[in-house]
Amino acid sequence: MQNAAFSMSLAVKDLATSISFYSDLGFEQMGGDTAHGFVILRNGSTLIGLFQGMFEGNILTFNPGWDQSAQEVEPFDDVRALAARMKAAGVEIEQESGLDGDGPGSFVMRDPDGNVILIDQHR
């Protein structure tokens, strides 16, 4: 996968407590909205998303077309091409959205060990 930002998306019990904890580790908010139950934090090139009440378990997240600062990059592998490649390889796609057009789209799959992976293209 070419030119995709990577982050860990963490399912948290208490968003404010988790923000405080990761702030103590040097992370700063770069996106999201606490009123909507999530924030994106950055420390250097390391990104983590904190999500309260949105999903169970932690997710490996890749954002095609973005760098680690959420700035657009070219070229990148489009989410539709990535989904087609994974399907052709026999990987089960558990969830997909927006893969029938252009622009934003996403899909969810699991790696061989059961870890959830979200490919989430915003442009």
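Residues numbered from 1 in each chain as written. Predicted model: local features only at pLDDT ≥ 70, side-chain atom pairs only at ≥ 80, totals over all residues. Heavy atoms only, no water.

Chemist: Can you lay out the overall build of the protein for me, pointing to particular residues and giving the numbers?
Modeler: Broken down by element type, the protein carries two helices and eight strands. Here the protein has a C-alpha radius of gyration of 15 Å; the compact-globule value for 123 residues is 14 Å, and the two agree. With the principal axes as the frame, the protein shows a C-alpha extent of 45 × 30 × 25 Å. Pairs at least 24 residues apart make up 50% of the contacts formed inside the protein by residues separated by at least 6 positions. Averaging the locations of the 7 positively and 18 negatively charged side chains of the protein gives two centres separated by 3 Å. (Helix = DSSP H or I, 4+ residues; strand = E, 2+ residues; numbered from the N terminus. Rg over C-alpha atoms; globule rule 2.2 N^0.38 Å. Contact = heavy atoms within 4.5 Å. Lys, Arg positive; Asp, Glu negative; His and termini not counted. Charge placed at Lys NZ, Arg CZ, Asp CG, Glu CD.)

Chemist: Could you give an account of the side chain of Ser 18, naming the residues involved and the relevant values?
Modeler: Examined against the element boundaries, Ser 18 turns out to sit in helix α1 (residues 15-24). Residue Ser 18 is classed as buried on the basis of its relative accessible area of 14%. Ser 18 has contacts with Val 12 and Leu 50, leaving out every residue within four places of it along the chain. (Buried < 20%, exposed > 50% of the residue type's maximum accessible area, 1.4 Å probe, protein only.)

Chemist: Now, about the pairing of strand β8 (residues 116-121): what can you tell me, with residues and values included?
Modeler: For β8, a buried count of six out of six residues is recorded, marking the element as mostly surrounded by other parts of the structure. The alternating pattern of β8 places Val 116, Leu 118 and Asp 120 on one face and Ile 117, Ile 119 and Gln 121 on the opposite face, and all of these are buried. In terms of strand pairing, strand β5 (residues 59-64) meets β8 through four bridges, oriented parallel. Each residue of the ladder has a partner; that of Phe 62, found in β8, is Ile 119. Where strand β7 (residues 105-110) meets β8, six bridges bridge the pair, whose relative direction is antiparallel. For Phe 107, the partnering residue across the bridge sits in β8 and is Ile 119. (Pairing = 2+ DSSP bridges.)

Chemist: Go over the environment of Phe 62 with me, naming the residues and quoting the values.
Modeler: Of note, Phe 62 is situated in strand β5. Spatially, the C-alpha atom of Phe 62 lies 23 Å from that of Lys 13, the residues being 49 residues apart in sequence. If we ignore the near neighbours within four places in the chain, the residues touching Phe 62 are Met 1, Ala 4, Ala 5, Phe 6, Ile 117, Leu 118, Ile 119 and Asp 120.

Functional significance is not addressed by these values, which are geometric in nature.
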